[in-house]
Amino acid sequence: MTQITILVADDEKEIADLISIHLKNEGYNVITAADGAEALQLVQEQVVHLVVLDIMMPKMDGYEVTQRIREDYQMPIIFVSAKTSDFDKVKGLVIGADDYMTKPFTPMELVARVNAQLRRFTVLNGKKEGKNNVLEYGELCIDKDRRSVTLYEEEIDLTPKEFDILFLLASHPKKVFDVETIFQQVWGELYYEGANTVMVHIRTLRKKLKEDQRKDKWIKTVWGVGYSFHG
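Residues numbered from 1 in each chain as written. Predicted model: local features only at pLDDT ≥ 70, side-chain atom pairs only at ≥ 80, totals over all residues. Heavy atoms only, no water.

Undergrad: Help me understand a negative patch on the surface in this model?
TA: Together, Glu71, Asp72, Glu155 and Asp157 line one region of the surface with negative charge. Within the element layout of this structure, aspartate 72 appears in the loop between α3 (62-69) and β4 (77-81). (Patch = residues over 30% accessible without salt bridge, like charges linked within 9 Å, V, L, I, M, F, W, Y side chains within 5 Å. Areas by Shrake-Rupley, 256 points an atom, 1.4 Å probe, with all protein chains shown as cover. Salt bridge = Lys/Arg side-chain N within 4 Å of Asp/Glu carboxyl O. Lys, Arg positive; Asp, Glu negative; His and termini not counted. Charge placed at Lys NZ, Arg CZ, Asp CG, Glu CD. Helix = DSSP H or I, 4+ residues; strand = E, 2+ residues; numbered from the N terminus.)

The following block contains the structure:
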């Protein structure tokens, strides 16, 4: 069995070392980077299964690193940052991060979140469901194996979370999902204050599907309940 490699990127050596010790105790292989440029280089040069990423780093901040990683890779990304505002958290999740923790944090909680993200990623990418992996609704095609979406023969660039939300809804057309269920299914963790995060992702997903320009309304809002997909 291939050992899982985790990249820890933080310009504070003490924090990087602390995280590394606890992850190594869990049996993971850990590599570290002291700035954003080095983190991106390591992702490009080595097989990395998960990234633990600070935001405020020299040469390239965590937001840019995440955006660059998401151009080619789908591994889970967890932000660990001193930035505590809701704006920073939502921004991090919208651009492609899978989780967001604020400093100071407990190493055991970080390890738990790492384990949860790896389990979820393995399940999403390891299950093979034959024809159910490709959903077609008119001119909209959603391919789970390739994690691609095309609309009117144009490929739509979605973040991992946007894709997961769309596939979840489209797999159960006309079924109404409440926000709590969407958060738990897509983020793979208990729901606390994820309503705003889900709404932001739905909003950007609708824009990318160009619902404001076409008559198609793929994602319906069921007021007071949640969202449903109509193909």
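That was the structure; now back to the text.
Undergrad: Is there a simple way to explain the sheet that holds strand β10 (residues 177-178) in this structure?
TA: What holds strands together in a sheet is hydrogen bonding between their backbones, with the strands either parallel or antiparallel. One open sheet accounts for three strands, arranged β10-β12-β11; its pairing is antiparallel. Two strands close off the open sheet at either side, each with one partner strand: β10 and β11 (219-222). As paired elements, β10 and strand β12 (residues 226-229) share two bridges and run antiparallel to each other. Bridge pairing in β12 places phenylalanine 177 opposite tyrosine 227. Helix α6 (residues 160-170) contacts β10, β11 and β12 of the sheet and is inclined by roughly 70° relative to β12. (Pairing = 2+ DSSP bridges. Contact = heavy atoms within 4.5 Å. Axes fitted to C-alpha atoms, helices over the stretch in contact; angles between N-to-C directions.)

Undergrad: Explain the pattern of salt bridges to me, please; I cannot follow it from the model alone.
TA: Summed over the entire model, instances satisfying the criterion amount to 13 salt bridges. A salt bridge links arginine 113 to aspartate 99; the shortest N-O distance between them is 2.9 Å. Of this pair, arginine 113 sits in helix α5 (residues 107-126) while aspartate 99 sits in strand β5 (residues 99-102), and the two are 14 residues apart along the sequence. Residue aspartate 99 is classed as buried on the basis of its relative accessible area of 5%. Linking glutamate 154 and lysine 210 is a salt bridge whose minimum nitrogen-to-oxygen distance equals 3.2 Å. Residue glutamate 154 is found in strand β9 (residues 154-156), and its partner lysine 210 is found in the loop between α8 (195-208) and β11; the two are separated by 56 residues along the sequence. The exposure class of lysine 210 is partly exposed, given its relative accessible area of 22%. Among the charged side chains, a network of salt bridges with common partners joins Asp10, Glu12, Asp54 and Lys103. (Buried < 20%, exposed > 50% of the residue type's maximum accessible area, 1.4 Å probe, protein only.)

Undergrad: So what exactly am I meant to see when it comes to the sheet that holds strand β1 (residues 5-9) here?
TA: A sheet is described by the order of its strands in space; here five strands give the open sequence β2-β1-β3-β4-β5, paired in parallel fashion. Every other strand in the sheet has two partners, leaving β2 (29-33) and β5 as the edge strands with one partner each. Direction aside, neighbouring strands of the sheet carry axes that sit 20° apart on average. Where β4 lies against β5, four bridges are found, and the strand directions are parallel. Within β5, the position partnered with valine 80 by the bridge is methionine 101. Across the face of the sheet, helix α1 (residues 13-25) comes into contact with β1, β2 and β3 (50-53) while running at roughly 165° to β1. Against the sheet, α3 engages β3 and β4, with an angle of about 175° to β4.

Undergrad: Even after reading the chapter, I still don't get α1, so can you show me in this structure?
TA: For an α-helix the count is 3.6 residues per turn, leaving residues at separations of three or four pointing the same way. The end-to-end C-alpha distance of α1 is 18 Å, a good match for the 18 Å that 13 residues give at a rise of 1.5 Å each. Along α1, the positions that sit buried rather than exposed are Ile15, Ala16, Ile19, Ser20 and Leu23. Angularly, the buried residues of α1 cover 130° about the axis, an arc narrow enough to put them on a single face. Along α1, the residues that are exposed and aim more than 90 degrees away from the buried face are Lys13, Glu14, Lys24 and Asn25. Glycine 27 lies just past α1 and shows a positive phi near 95°. (Expected span 1.5 Å × (residues − 1). Arc of directions from axis to C-beta.)

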